[in-house]
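# Report on the structure
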Amino acid sequence: MKIHRLVGAVALALSLAACGTSQSATGTDTAAAQGADAVLKVGASPVPHAEILNFVKDNLAPAAGIKLEVVEFTDYVQPNVQLDEGQLTANFFQHKPYLDDFNATKGTKLSFATPVHLEPLGLYSKKITDVSALASGATVALPNDATNLGRALKLLADNGLVTLKDGVGTAATERDVTGNPKNLQFKPLEAAQLPRSLEDVDAAVINGNYAIEAGLKPATQALVLEKTEGNPYVNGLVVQAGHEKDANIVTLGKLLQDQKVKDFIKQKYEGSVIAAE
């Protein structure tokens, strides 16, 4: 009787072990299948980032064996928040100085993976057509996030409208303005609001993506435009730290730097967006 019980116990154990092995193998097969069918969910500003991604999605991604889902955002915060939370695979809307500041202030661990393009910052107005006509006491709207505020003030300084404390560079704030011959009044606003502010201010320094989205043409309509040579504000693909070398991310990065994408950028944006070299 004891022998029969022992044999039965052994048989049951072997059966359970075999079942467990089968379930484990099935689970592995499912994970592999999910990996093969994975969709890269990429957050992006509508213009030009989502337009560039959709060009890749329609023209290059299928042959490269990747699938893209483009999720549009109209602000500069949620794409990073959702990437940090794992709701996105990557995002494409920002330059590295903004990312570095976001990581430092928010405690996130996001990493710049691939440079793609530059959107020169510009000064725009609906009231004047030449920067020299900017009146004394004029109100100038500026982006209110730390990196783009400094970038905007540097643009004004580079064009003789203000002077900044020595060495402050793109980290400048309004407190670093040491000379303001026209007594310009600064009005910091969220970057997305800047195009709409043109109705209420004398001029506004506007990020390239929001300028284009609002129908402005930076290459021809900006009173002054940021220089491209040596410019650190190249926009690129961003991922969670540690995922820069993931196969699908590397593939997407190569597609975003493909010559066909560079040609698309040149033809569509006519100098208002410049492909990274």
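Residues numbered from 1 in each chain as written. Predicted model: local features only at pLDDT ≥ 70, side-chain atom pairs only at ≥ 80, totals over all residues. Heavy atoms only, no water.

### Describing the overall build of the protein chain
Note the cut-off: Counting from the N terminus, the helices are the DSSP runs of H or I reaching at least four residues and the strands are the DSSP runs of E reaching at least two. Buried residues are those whose accessible area, probed at 1.4 Å on protein chains only, stays under 20% of the maximum for their type, while exposed residues exceed 50% and partly exposed ones sit between those limits. Note on contacts: a residue pair is in contact if any heavy atoms of the two residues lie within 4.5 Å.
Scanning the protein chain from N- to C-terminus turns up 11 helices and 13 strands. Within the span of the protein chain, comprising 277 residues, buried residues form 45% of the whole. If you take every contact in the protein chain between residues at least 6 apart in sequence, the share linking residues at least 24 apart comes to 74%.

### Some words on the confidence of the model for the protein chain
When pLDDT drops low, the exact placement of atoms in the prediction is not to be read closely. Note the following rule: Looking at any residue, its pLDDT shows the predictor's confidence there, from 0 to 100.
On average, residues of the protein chain carry a pLDDT of 88, and 87% of them reach 70 or more. When the criterion is pLDDT under 50, residues 1–35 qualifies, and its contacts beyond four places in sequence or with other chains add up to 0 contacts.

### Focus: helix H5 (residues 96–106)
Selection criterion: This arc describes the spread of directions from the helix axis toward the C-beta atoms.
Turning to H5, its buried residues number three or more, namely Tyr 98, Leu 99, Phe 102 and Asn 103. Looking down the long axis of H5, one finds its buried residues gathered within 135° of arc, a one-sided arrangement. In H5, the exposed residues that point more than 90 degrees away from the buried face are Ala 104 and Thr 105. Contacts made by the buried residues of H5 are with helix H4 (78–84), strand E3 (90–95), strand E4 (110–118), helix H6 (146–158) and strand E12 (234–240).

### Observations concerning the packing of helix H2 (residues 46–59) against helix H10 (residues 247–256)
Heads up, the rule is: Axis definition: a line fitted to C-alpha atoms, over the contacting stretch in the case of helices. Angles run 0 to 180 degrees between N-to-C directions. Any angle from 65 to 115 degrees is called roughly perpendicular, while one under 35 is roughly parallel, one over 145 is roughly antiparallel, and all others are oblique. Note that Gly is not counted as nonpolar here; it falls among the polar residues with everything else outside the nonpolar set of Ala, Val, Leu, Ile, Met, Phe, Trp, Tyr, Cys and Pro and the charged set of Asp, Glu, Lys and Arg.
Close contact between H2 and H10 brings their axes to 10 Å; oriented N to C, the two are set at 105°. In terms of axis orientation, H2 runs roughly perpendicular to H10. Residues Ile 52, Leu 53 and Val 56 of H2 lie in contact with H10, whose contacting residues are Leu 252, Leu 255 and Leu 256. Within the contact of H2 with H10, the residues separate by chemical class into 6 nonpolar, no polar and no charged.

### Some remarks on H6
Let me state the cut-off plainly: The length a helix should cover is 1.5 Å for every residue beyond the first.
Taking 1.5 Å of rise per residue, 13 residues should cover 18 Å, and H6 covers 18 Å from first to last C-alpha, within 8% of that figure. When we look at burial in H6, the residues that qualify are Thr 147, Asn 148, Leu 149, Gly 150, Arg 151, Ala 152, Leu 153, Leu 155 and Leu 156. Just downstream of H6, Gly 160 is the residue with a positive phi angle, here 75°.

### Things to note about the side chain of Asp 75
What counts is decided by this rule: Think of it this way: Lys and Arg go in the positive column, Asp and Glu in the negative one, and His and the chain ends go nowhere. We count a salt bridge whenever a side-chain nitrogen from Lys or Arg sits within 4 Å of a carboxyl oxygen from Asp or Glu. Polar contact is defined as a pair of N or O atoms within 3.5 Å, subject to the rule that within protein one atom must be able to donate a hydrogen and the other to accept it, and that residues adjacent in sequence are counted only when both atoms are side-chain atoms.
Residue placement: Asp 75 occurs in the loop between strand E2 (67–72) and H4. Among buried charged residues, Asp 75 stands out as having no salt bridge; its nearest opposite-charge side chain is Lys 106, 9.8 Å away. Among the polar contacts made by the side chain of Asp 75, one reaches the main-chain amide nitrogen of Val 77 at a distance of 2.8 Å. Among the polar contacts listed, one links the side chain of Asp 75 to the backbone nitrogen of Gln 78, at a separation of 2.8 Å. With near-sequence residues (within four places) excluded, Asp 75 lies in contact with Glu 190 and Tyr 210.

### Here's the deal with the packing of H2 against helix H11 (residues 259–269)
For the record, the criterion: Each helix crossing is assigned a hand: it is left-handed if the near helix lies turned anticlockwise from the far helix by less than a right angle, otherwise right-handed if that turn is clockwise.
Taken N-terminus to C-terminus, the directions of H2 and H11 make an angle of 135°; their axes are 11 Å apart at the nearest point. If you check the angle between H2 and H11, you find them oblique. The handedness of the crossing between H2 and H11 comes out as right-handed. Contacts between H2 and H11 pair Pro 48, Glu 51, Ile 52, Phe 55 and Val 56 from the former with Lys 260, Val 261, Phe 264, Ile 265, Lys 268 and Tyr 269 from the latter.

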